[in-house]
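# Secondary and tertiary structure notes
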Amino acid sequence: MFTVDGIRQFHRWTHLCFGRALDHLVTIPLAAYTRDVPGFGSPNLRDQVIHCINCEAFWVHMLQGVPFTDDDPSRFPTVADARTLEGHVSAQTLSYLSSLTDQRLNTSTTLRFSESDTAAVRTPALILHHMLTHAFHHKGQIAAMCRILGYPAPDTDLNNFE
């Protein structure tokens, strides 16, 4: 059984690691931050960052049955803008977590996707786990893109926290 406190801690660690990636991105030229790199689903660093943040917002909205529309990356041209969006989305996630009990976290719920009649039955714990591991997937893509662009990222994992 998963606990709300455990998911909250995982969320904290995820955002600390993501913050380390953002700390690196702020040191590279803006032109590199928005330069397309072939072979990635989101074509540039800015779009990768905003995609990652949008996904967290999407899943928390879905868990609450609230419609969601992705934020356009062009509205967040700098790393500072992305940090502001990240702060808002993180706060929304923490607010949602505060509304859950451990039992509710582990109880199946029906998710309805607005773009279709498709529904999925999942526990909030599973969706939140997916959402947070997804952030690490994209953090890895960000690190790979940085290396390709000539700005290798430092270690952005869970070393030296706590």
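My aim in this report is to walk through the structure given alongside it, one point at a time. (Residues numbered from 1 in each chain as written. Predicted model: local features only at pLDDT ≥ 70, side-chain atom pairs only at ≥ 80, totals over all residues. Heavy atoms only, no water.)

### Here we look at the nonpolar core
How we decide: Buried residues of nine kinds, namely Ala, Val, Leu, Ile, Met, Phe, Trp, Tyr and Cys, make up a nonpolar core once their side-chain atoms join them within 4.5 Å. Type-normalised accessible area, obtained with a 1.4 Å probe on protein chains alone, sets the label of each residue: buried when under 20%, exposed when over 50%, and partly exposed for intermediate values. Secondary structure is summarised from DSSP: a helix means a run of H or I of at least four residues, a strand means a run of E of at least two, and numbering begins at the N terminus for each. Only heavy atoms enter the contact rule, under which two residues are in contact if any of them lie within 4.5 Å.
Counting residues in each nonpolar core, the largest one holds 44 residues, and the members touching the most others are Leu25, Leu45, Val49, Ile53, Trp59 and Leu128. Within the residue set of this core, elements represented by two or more residues are α1 (4-25), α2 (30-33), α3 (45-64), α4 (79-98) and α6 (124-149). Considering each element in turn, this core owes the most residues, 11 residues, to α3. Sequence-distant contacts of leucine 25, that is, excluding residues within four places in its chain, are made with Tyr33, Leu45, Val49, Val79, Ile142 and Cys146.

### Comments concerning the environment of leucine 149
Among the structural elements, leucine 149 can be located in helix α6. Judged by its relative accessible area of 15%, leucine 149 falls in the buried class. Dropping the residues within four chain positions of it, leucine 149 is found in contact with Ala32, Arg35, Val37 and Leu45.

### A look at the environment of threonine 93
Condition: Between N or O atoms, a polar contact is any pair within 3.5 Å; within protein, one atom must be a potential hydrogen donor and the other a potential acceptor, and residues adjacent in sequence are included only when both atoms are from side chains.
Inspection of the secondary structure assignment puts threonine 93 in helix α4. Overall, the relative accessible area of 1% leaves threonine 93 in the buried class. Each C-alpha atom, one on threonine 93 and one on leucine 128, is 9.4 Å from the other, the two residues being 35 residues apart in sequence. Excluding anything up to four places from it in sequence, threonine 93 contacts His11, Glu56, Val60 and Met131. Within the structure, the side chain of threonine 93 is placed 2.6 Å from the side chain of glutamate 56, a separation counted as a polar contact.

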